Amino acid sequence: MSDATLTAAIQLEHIFCRFRYQEVLRDLNITIRRAESLAIIGESGCGKSVTMKIMMQLLHPTAGGVSWFGRDATQLSKRDWQATRLKFGYLFQGAALFDSLNIFENVAFGLQESGSFTDEQIHQIVMQRLDDVGLSSDVAEKHPSELSGGMQKRVGLARALALDPEVMFYDEPTTGLDPITSRRIDDLIDSVKHQHNVSSIVVTHDMRTVERVADRVVMLAPCHQLGPEDPQIIFEGSVDDLFNTTDPQISEFVNGGVLKSLGEAHTTQNHSAA
Amino acid sequence: MQAAAIQFTTGVGRILTGLVQDAGALAIFFASILGRLFTGLPRRRILAPILHEVGVRSVPVVLITGGFIGMVLAVQAHTQFKIMHMESRLGAIITMTLVSELGPVLAATMLAGRVGSAMAAELATMRVTEQISAISALGSDPVRYLVVPRFVACVLLIPLLTAFADAVGIFSGWAFSTQVLKINSYQYWAHAIDFVTAWDIMAGLMKSIFFGSSIAIIACHRGFHCDSGAEGVGRAATQSFVLSFIAILALDFLLTVLLNTSYYLIWPQAVSL
């Protein structure tokens, strides 16, 4: 077993993914080390979210291997597979809260389904997680439709953290949020990483989020833009390397993202002043 | 000419392949439900609200359906029976038609619209908003959590609702026959009891068990495999109703043939209609 495998929380090896006639992922190799924050960036449709769902086995690749903590995820027994999956938390793009359940029940869902906690423990954990994400206990009885987008994201984060995950997946955590709320979500991602010592995988378009939360960045290109032999990962390195790159394609994407973020921040400041 | 023939054959082949694929997908889905059903029943906390939704909230629809079918049957049969001076036998034809055929089929059709479409739309919305993925991500099994309770609710309650529709239909037929058409109440019940056997009642209820399971399987399958967006949700609800309706009619035919054949195999001396 290689050192990379031993220290890896998740490893993708030669992943190919195709939906009918559309090639989405091509020979992707990504390793996420323990307690590391990895940002996956790239144009819309380049397969960022698909990559993350394959990492968590919410989707199955056409070919290639997925390892969880050094073990082939497809070779695990059902019990081991489920036990390992509970070490992962996932914050969905639209929070994906259950409409029919209130906030308490949403956050308690994973705890109740695991069958390993008493009602009292569940109550305690839910309230603690709501507090961790900066929500008061007043929201517990509300339904998702009664909360703002930012609050829904926080509830989604509280729900994902309820089972004390070792790896957190964030799918576009700041999309559709104003810069102030985005900043709060970024701070939460950062504090989750440091307080709980988790590995984080963040799929985002927001370069400010990349700057604030990532240790390492992987940039993907859409398969339809690639030549037959071109690799899909067009950048892999630190955040500093990303912002200092001289590659025009990467630089255009990065600067476009930063300018967009700055523009949003400026607009919000003007609104606040008004 | 040859190109048109090839195009026609290709089109037919594509439709047939699609039908076989859909049937296979439904069969696999059904097997996955059964597999989970045999390894654990749904919890009361999850099942109770679904039983309420499928059962209690469908009562008005079933009541209206059964009530009107009974009265329509009384009107239609009376016109024909009067010519043959057999009006007193209205109870027999109304009861027989309701318990063996119209009750199960029309109740199931109404429930495919009310319950099946709602299930398909709800699950499809959960799919497009990633709530089904969230269930997986939280370590739970979406089929066990969402589909099995709905399947159980439909299989248990649709026969009960059908029995309710039958009873309401028989009583509304009786009320119309005796109050409006002036048929003797004793004769209505006497002929009904004489003509309808326990086998007829059981056959009708057995059909409704099959109708209930097909509604649940089709609705949940459509919901789980819908296309993205609001259009996908709408299409899932429509497809669920249309496919359920076709399944109800096809199953009705097959089960009628099967049950009639079984009846004459068990009681060969029975007089054929």
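For the structure itself, consult the block above.
Only a predicted model underlies this, so the values are computations on that prediction, with no experimental measurement involved. (Residues numbered from 1 in each chain as written. Chains lettered and ligands numbered in written order. Predicted model: local features only at pLDDT ≥ 70, side-chain atom pairs only at ≥ 80, totals over all residues.)

If you tally the helices and strands in chain B, you get nine helices and zero strands. The dimensions of chain B, computed from C-alpha atoms along their principal axes, are 65 × 60 × 40 Å. In chain B, buried positions account for 42% of the 273 residues. Nonlocal contacts in chain B, meaning residues at least 24 apart in sequence, comprise 87% of its contacts between residues at least 6 apart. (Helix = DSSP H or I, 4+ residues; strand = E, 2+ residues; numbered from the N terminus. Buried ≥ 20, exposed ≤ 12 C-beta atoms within 10 Å, placed from the backbone. Contact = placed C-beta atoms within 7 Å.)

Of regular secondary structure, chain A possesses ten helices and ten strands. The C-alpha atoms of chain A give 19 Å as radius of gyration, which agrees with the globular expectation for 274 residues (19 Å, within 12%). C-alpha atoms of chain A, sized along the principal axes, occupy 60 × 55 × 35 Å. Every one of the 274 residues in chain A was classed for burial, and the buried ones make up 41%. Pairs at least 24 apart in sequence give 68% of the contacts found in chain A among residues at least 6 apart. (Rg over C-alpha atoms; globule rule 2.2 N^0.38 Å.)

Residues and elements named next belong to chain A. Within the open sheet, the four strands sit side by side as E2-E1-E4-E5. Their pairing is antiparallel. At either margin of the open sheet sits one strand with a lone partner, and together these are strand E2 (22–33) and strand E5 (71–72). Sheet contacts for helix H2 (residues 48–55): strand E1 (8–19), E2 and strand E4 (63–68); angle to E1, the most-contacted strand, approximately 125 degrees. (Pairing = 2+ DSSP bridges. Axes fitted to C-alpha atoms, helices over the stretch in contact; angles between N-to-C directions.)

In this complex, chain A contributes 14 residues to the contact, which on the side of chain B involves ten residues. Of all the secondary structure elements, the ones that give two or more residues to the side of chain A that touches chain B are helix H3 (78–85) and helix H4 (103–114) of chain A.

The next point concerns unusual backbone geometry. Residues and elements named next belong to chain A. Non-glycine residue alanine 35 carries a positive phi angle of around 65 degrees. Examined against the element boundaries, alanine 35 turns out to sit in the loop between E2 and strand E3 (37–42). Alanine 35 sits in the partly exposed class, given 17 other C-beta atoms within 10 Å. We note that glutamate 172 has phi near 45 degrees; this positive angle belongs to a residue other than glycine. With respect to the helices and strands, glutamate 172 occurs in the loop between strand E7 (167–171) and helix H7 (179–196).

Let's shift gears to the sheet that holds strand E9 (residues 216–220) of chain A. Residues and elements named next belong to chain A. Overall, mixed pairing links the six strands, which are arranged E6-E7-E8-E3-E9-E10 in an open sheet. Here the strands that pair on one side only, and so sit at the sheet edges, are strand E6 (88–91) and strand E10 (233–238). Pairwise comparison of adjacent strand axes, ignoring direction, gives a mean angle of 15 degrees for this sheet. Here five bridges tie E9 to E10, and the two strands are oriented antiparallel to one another. Considered in E10, the bridge of methionine 219 is made with phenylalanine 235. Against the sheet, H2 contacts E3, E7, strand E8 (199–203) and E9, and its axis sits at roughly 150 degrees relative to E8. Sitting on the sheet, H7 touches E3, E7 and E8, and the angle it makes with E8 is about 160 degrees.

Here we come to the pairing of E2 of chain A. All names here are of chain A. In terms of strand pairing, E1 meets E2 through eight bridges, oriented antiparallel. For phenylalanine 19, the partnering residue across the bridge sits in E2 and is glutamine 22. Where E1 hands over to E2, the hairpin turn is made up of two residues, of which arginine 20 adopts a positive phi near 50 degrees.

Quick look at the environment of valine 72 of chain B now. Residue and element names in this part refer to chain B. Examined against the element boundaries, valine 72 turns out to sit in helix H3 (residues 59–83). You can call valine 72 partly exposed: it has 16 C-beta atoms within 10 Å. On a C-alpha basis, the gap between valine 72 and glycine 173 in space is 7.9 Å, while along the polypeptide they are 101 residues apart.

Residue and element names in this part refer to chain A. Here helix H5 (residues 119–132) contains 14 residues, and its C-alpha end-to-end distance of 20 Å stays within 8% of the 20 Å for a straight helix at 1.5 Å per residue. Listed in full, the buried residues belonging to H5 are Ile122, Ile125, Val126, Arg129 and Leu130. Projected down its long axis, H5 carries its buried residues within an arc of 130 degrees, all on one side. Along H5, the residues that are exposed and aim more than 90 degrees away from the buried face are Glu120, Gln121, Gln124 and Asp131. Next to the buried residues of H5 lie H4 and helix H6 (149–161). Looking one or two residues past H5, glycine 134 carries a phi angle of roughly 80 degrees, positive in sign. (Expected span 1.5 Å × (residues − 1). Arc of directions from axis to C-beta.)

A word on the packing of helix H4 (residues 90–128) of chain B against helix H7 (residues 185–195) of chain B. Residues and elements named next belong to chain B. The geometry of H4 relative to H7 is characterised by a closest axis approach of 6 Å and an angle of 50 degrees between their N-to-C directions. Judged by the angle between their axes, H4 and H7 are oblique. Crossing hand, H4 versus H7: right-handed. Across from Leu90, Gly91, Ala92, Thr95 and Met96 in H4, the residues of H7 making contact are Gln187, Tyr188, Trp189, His191, Ala192, Asp194 and Phe195. Its residues placed into classes, the contact of H4 with H7 shows seven nonpolar, four polar and one charged. (Parallel < 35°, antiparallel > 145°, perpendicular 65-115°, else oblique. Left-handed = near helix turned anticlockwise from the far one by under 90°. Nonpolar A, V, L, I, M, F, W, Y, C, P; charged D, E, K, R; others polar.)

The subject of this paragraph is the packing of H4 of chain B against helix H9 (residues 229–266) of chain B. When two helices pack together, you describe them by how their axes are tilted relative to each other and by the distance separating the axes. All names here are of chain B. The contact between H4 and H9 brings their axes to 8 Å, and the two run at 150 degrees. In this view, H4 runs roughly antiparallel relative to H9, as classed from their interaxial angle. Between H4 and H9 lies a crossing whose hand is right-handed. Along its contact with H4, which presents Val105, Ala108, Thr109, Ala112, Gly113, Gly116, Ser117, Ala120, Ala121, Ala124, Thr125 and Val128, the element H9 presents Gly229, Gly232, Val233, Ala236, Ala237, Ser240, Phe241, Ser244, Phe245, Ile248 and Asp252. Taken together, the residues that form the contact of H4 with H9 break down as 13 nonpolar, nine polar and one charged.

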